[in-house]
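# A look at the structure
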Amino acid sequence: MLIDLNGYTTHSKSEVFALRPAPVQVSWLGYLGTMGAPWYDYVLTDRFAAPPELQRFFTERFLYLPDCYCPSDTKRPVAALAPSRAACGLPEQGLVFCCFNNSYKILPAVFEVWMRLLARVSGSVLWLAPGSGSAGTNLRREAAARGVDPGRLVFAPRIALPEHLARHVHADLFLDTTPYNAGTTANDALFMGVPVLTCAGETLASRVAGSQLHAIGLPELVTTTLADYQTRALELAREPERLTQIRHRLAAHRSTYPLFDMARFTRALDDLLHAAWENRPS
């Protein structure tokens, strides 16, 4: 069996798969869509990320993991000491919305919602990944154009992963992007106890954060329209006790729900790949 973890992304080796070096070839994890090529037999996914009604849009057959398509590195190192809010460029008081997704995932409709949230939640800030090139400048310009102080957009400099994970302690609510969701960044946030609010769409790429939320037992953080996404975010921002309850549930579920149960994930993956091999064309 041969598994493609890149698809049509950086360092792609998809041309190797066209040569059919293995009897069973699978696409997984790196490319959130169909490869559109007959030499891929399966895409490894789950029933929330890729419900059966999406099968007609894929040349590969869905190979369903029982919980979540995404494995979690539960041994990732976390720095012992987190930087202060001031060291992170954050105000000492006020709610911190965050989104550490790549800036190219931030589309105007989502940004509009974020700016309305900042306008309605006094003292709040939006903590973002630094982006590249002119991304930060452009986002601050667009915030100002919507009547929001551009200084309320705080950009987190790139640092080593252990230190980045540790600074999540200052984030109150992770606001996901759509139609291209958070993947690793959502997993990092959930691993560090930060609730993630997502808006699930009709494509695999727009449903991957929702898959993780279902696997951690927080389905109420999965919305399906931007209007509901905005309403839910505003409710959580204005009801800190409710947000605290969700954080407590997230902490409790981390050791009892499938998302971070890698022994369970490994057994399921092993069973699934064995079944795919046994059912390979002769």
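Residues numbered from 1 in each chain as written. Predicted model: local features only at pLDDT ≥ 70, side-chain atom pairs only at ≥ 80, totals over all residues. Heavy atoms only, no water.

### Notes on the overall build of the chain
- A count of helical and extended segments in the chain gives nine helices and 10 strands.
- Since a compact globule built from 282 residues should have a radius of gyration of about 19 Å, the 20 Å found for the chain is in line with a globular shape.
- Expressed along its principal axes, the backbone C-alpha trace of the chain runs to roughly 65 × 40 × 35 Å.
- Across the chain, the fraction of contacts at a sequence separation of at least 24, relative to all contacts at a separation of at least 6, is 67%.
- Accessible surface computed for the chain: about 13200 Å², of which carbon and sulfur atoms make up 56%.
- Once the 27 positive and 26 negative side-chain charges of the chain are each reduced to a mean point, those two points are 3 Å apart. (Helix = DSSP H or I, 4+ residues; strand = E, 2+ residues; numbered from the N terminus. Rg over C-alpha atoms; globule rule 2.2 N^0.38 Å. Contact = heavy atoms within 4.5 Å. Areas by Shrake-Rupley, 256 points an atom, 1.4 Å probe, with all protein chains shown as cover. Lys, Arg positive; Asp, Glu negative; His and termini not counted. Charge placed at Lys NZ, Arg CZ, Asp CG, Glu CD.)

### Describing a nonpolar patch on the surface
- On the surface, a cluster of nonpolar side chains totalling about 220 Å² of accessible area is made up of Ile-3, Leu-5 and Leu-29.
- When its relative accessible area of 31% is taken as the criterion, Ile-3 is described as partly exposed. (Patch = residues over 30% accessible without salt bridge, like charges linked within 9 Å, V, L, I, M, F, W, Y side chains within 5 Å. Salt bridge = Lys/Arg side-chain N within 4 Å of Asp/Glu carboxyl O. Buried < 20%, exposed > 50% of the residue type's maximum accessible area, 1.4 Å probe, protein only.)

### Comments concerning the sheet that holds strand 3 (residues 42-46)
- If you walk across this open sheet you meet the four strands as 1-2-3-4, and the pairing is parallel. The sheet terminates laterally at strand 1 (2-4) and strand 4 (61-65), the two strands that pair on one side only. Pairwise comparison of adjacent strand axes, ignoring direction, gives a mean angle of 35 degrees for this sheet.
- Of the strand pairs in this sheet, strand 3 and strand 4 are connected by five bridges, and their pairing is parallel. Within the sheet, the bridge partner assigned to Thr-45 lies in strand 4 and is Tyr-64.
- In the packing of helix 9 (residues 262-278) onto the sheet, contacts are made with strand 1, strand 3 and strand 4, and the angle to strand 4 comes to roughly 150 degrees. (Pairing = 2+ DSSP bridges. Axes fitted to C-alpha atoms, helices over the stretch in contact; angles between N-to-C directions.)

### Re the packing of helix 2 (residues 108-120) against helix 7 (residues 226-238)
- Direction vectors running N to C along helix 2 and helix 7 enclose 25 degrees, while the axes themselves pass 10 Å from each other. With respect to their mutual orientation, helix 2 and helix 7 come out roughly parallel. Crossing hand, helix 2 versus helix 7: right-handed. Mapping the contact onto sequence places Ala-109, Val-110, Val-113, Trp-114, Arg-116, Leu-117 and Arg-120 in helix 2 and Leu-226, Tyr-229, Gln-230, Ala-233, Leu-234 and Arg-238 in helix 7. (Parallel < 35°, antiparallel > 145°, perpendicular 65-115°, else oblique. Left-handed = near helix turned anticlockwise from the far one by under 90°.)

### Description of the nonpolar core
- In terms of nonpolar packing, the biggest core is built from 73 residues, with Phe-97, Trp-114, Met-115, Trp-127, Leu-153, Phe-174 and Leu-175 touching the most fellow members.
- Setting aside residues no more than four positions away along its own chain, Trp-114 makes contact with Cys-99, Ile-106, Leu-126, Leu-128, Leu-175, Asp-176, Thr-177 and Tyr-229.
- Counting residues in each nonpolar core, the second largest holds 14 residues, with Val-24, Leu-65, Met-262 and Leu-272 among its members. (Core = buried A, V, L, I, M, F, W, Y, C linked by side-chain atoms within 4.5 Å.)

### Section: the layout of surface pockets
- In this structure, the largest pocket encloses a volume near 970 Å³.
- Around the largest pocket, the lining is made up of 40 residues, and of these Asn-102, Lys-105, Gly-183, Thr-184 and Thr-185 lie nearest the centre.
- In terms of residue count, helix 5 (residues 184-191) provides more of the lining of the largest pocket than any other element does, four residues in total.
- Split by residue class, the lining of the largest pocket holds 20 nonpolar, 14 polar and six charged. (1 Å grid on protein atoms, 1.4 Å probe; cavity = no way out; pocket = protein on both sides within 12 Å on 5 of 7 lines; lining within 4 Å. Points joined across faces, edges and corners; volume = space filled by probe spheres on them. Nonpolar A, V, L, I, M, F, W, Y, C, P; charged D, E, K, R; others polar.)

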